[in-house]
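A structural walkthrough
Next come the chains, spelled out residue by residue.
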Amino acid sequence: MEIAESGTKKRIEWIDALKAVALIFVIYGHILLKGSPFFVITSPVKIPLFFAVSGYLFSIKNGKFKPFLLRLLKTRAVPWFVLSFVSVKVIYSIVTKQFDAALEHLYVFASGIQLWYIPCCIIAEIILFFIIKYSPKFSVTVFIMLALSAVGYIMAINGIGDFAKFNTALISQFFLLIGLVMKRISDSKKEIPKRAVLLIAAVYAVMVAVSFVRYPNKTFSVSYNDYYSVIICGVLIACGVPLMFYIAPKLKYPKFFLYIGRNTLVIYIMHGYFLGAAEKIFDMFEIFNSRILRAVIGTAFICVICALIAFLINKYLPFIVGAKKKEDIQTNKQEVKING
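Quick notes on the rules
Residue positions are counted from 1 within each chain, in the order its sequence is given. With the structure being a predicted model, the display of local features is reserved for residues of pLDDT at least 70 and the display and counting of side-chain atom pairs for 80 or more, all residues being used for whole-chain, interface and lining totals. Water and hydrogen atoms play no part in the side-chain values, which are based on all heavy atoms of the structure. Criterion for a salt bridge: a side-chain nitrogen of Lys or Arg within 4 Å of a carboxyl oxygen of Asp or Glu. We count a stretch as a helix when DSSP gives it H or I for four or more residues in a row; a strand needs E for two or more, and each element gets its number in order from the N terminus. Buried, partly exposed and exposed residues are distinguished by accessible area as a fraction of the type maximum, computed with a 1.4 Å probe on protein chains only: under 20%, between the cut-offs, and over 50%, respectively. For helices, the fitted line uses only the C-alpha atoms of the stretch in contact; every axis is such a line through C-alpha atoms, and the angle between N-to-C directions lies from 0 to 180 degrees. Convention used here: angles under 35 degrees read as roughly parallel, angles over 145 as roughly antiparallel, angles from 65 to 115 as roughly perpendicular, and any remaining angle as oblique. Crossing handedness: left-handed means the near helix sits turned counterclockwise from the far one by under a right angle, and right-handed means the same turn made clockwise. Here, residues are in contact when the closest pair of their heavy atoms is within 4.5 Å. Under the convention adopted here, Pro, Cys and the residues Ala, Val, Leu, Ile, Met, Phe, Trp and Tyr are nonpolar, Asp, Glu, Lys and Arg are charged, and Gly plus all remaining residues are polar. The way it works is a 1 Å grid over only the protein atoms, where trapped points that fit a 1.4 Å probe form a cavity and open points with protein on both sides within 12 Å along at least five of seven lines form a pocket, and then any residue with an atom within 4 Å of a point lines it. Grid points are joined across faces, edges and corners, and a volume is the space filled by probe spheres set on the points. For this analysis, a ring pair means two rings from Phe, Tyr or Trp (six-membered ring only for Trp) whose centres lie within 6.5 Å, classed as stacked if their planes differ by under 30 degrees, edge-to-face if by over 60, and tilted for the remaining angles. In this scheme, the term charge over a ring applies when either NZ of a lysine or CZ of an arginine sits within 6 Å of the ring centre and within 35 degrees of the ring normal.

Another point: the pattern of salt bridges. In a structure, side chains of opposite charge can pair up when their charged atoms sit close to one another. Per the counting criterion, the structure on display carries five salt bridges. The shortest N-O distance in the salt bridge between Glu125 and Arg76 comes to 2.7 Å. Here the residue Glu125 occupies a position in helix H7 (residues 117–134), and Arg76 occupies one in helix H4 (residues 65–83), the gap between them amounting to 49 residues. Classification of Arg76 by relative accessible area gives buried; the value is 1%. Across the salt bridge formed by Glu191 and Lys250, the nearest N and O atoms sit 2.8 Å from each other. Here Glu191, found in the loop between helix H10 (173–187) and helix H11 (194–214), pairs with Lys250, found in the loop between helix H12 (230–247) and helix H13 (255–262); they are 59 residues apart in sequence, far enough to count as distant.

Rendered as structure tokens:
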């Protein structure tokens, strides 16, 4: 869930759109009952897409680790710590002398038991930093990332490296690699040939069909490292994510949709607080008995509420998401003009 510092980077609309799609799939999936065909079709382009976008946008700039880490902490860890209300929970527990509860809140925060994506993403990007920094060639980068993904999967099935989702961070090198490859294709000013796109789409459709027939009522989950078939799931991800990258630049998007994409981190963290509220509203008024309709309406409701929260944060507390106030950005621009 990449956050570009406001005013310092030009937004790429279709990248924001990809993040919005992934986030909406996440929220919709949290409302919908598991076992739905929705998960088989969308899981390959949900969480993996977030990582792939991070890979596409990834840059180590001057190769110095300290500024890279500070930016990562400012744009990932700070929003995670503040918006998950960990500090409030810990302080309250200490004031009420519930020291065990305070330690438990800190453990849940650091371990990835809740909001697992963020610690996993931080670790994954730190690993990627060193891979890119010390890889002499891209082919070496590819080999290392694939090897680490395999190691991560072996660790996961053996229950090793669950804390802070370290094993998932290793597996996610595969997802990040897809983003790196798509970026190289983009930088070369080339496009995937249409025949190749049709072939990729056909393979994706076949793998989905095989999943329905061979593994009925089963879905894979990146968060739980649960893959009903590593080969099938791997092919689905390797086909589904590039398809999304191919399609996204060719479409036009509503402004609200892009706004969701620009604020995925805030909405991802905050949406959990409103999942229960949406369910209670539906039950209270006995409306939308269809689970699919509930998921659609609930997703729209949560996106609107969380987008409003994101708007207020961006306007009044932008430091929470590692951004600057607009007046500060304008001042910096004026200083650049004067000094330039």
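Moving on, we come to the packing of H13 against helix H16 (residues 291–316). Packing of H13 against H16 leaves a shortest axis separation of 10 Å and a crossing angle of 65 degrees. The orientation of H13 with respect to H16, classified from their angle, is roughly perpendicular. The two elements H13 and H16 meet at a crossing, and its hand is left-handed. On H16, the residues touching Phe256, Tyr259 and Ile260 of H13 are Cys303, Val304, Ala307, Ala310, Phe311 and Asn314. Residue classes in the contact of H13 with H16 are distributed as eight nonpolar, one polar and no charged.

In this structure, the largest pocket encloses a volume near 1000 Å³. Looking at the lining of the largest pocket, the elements with two or more residues in it are helix H1 (13–31), helix H5 (86–95), helix H6 (99–111), helix H14 (264–270) and helix H15 (272–285). In terms of residue count, H6 provides more of the lining of the largest pocket than any other element does, four residues in total. Tallied by class, the residues present in the lining of the largest pocket amount to 18 nonpolar, twelve polar and six charged.

Bringing the packing of aromatic side chains into the picture now. Applying the stated criterion to the full structure yields 28 aromatic pairs. One aromatic cluster in this structure is built from Phe50, Phe51, Trp116, Tyr117, Phe174, Phe175 and Tyr268. The lysine or arginine in question, Arg184, covers the ring of Phe138, its NZ or CZ lying 4.0 Å from the ring centre. Here the basic side chain of Lys315 rests over the ring of Tyr316, its NZ or CZ set 5.7 Å away from the ring centre.

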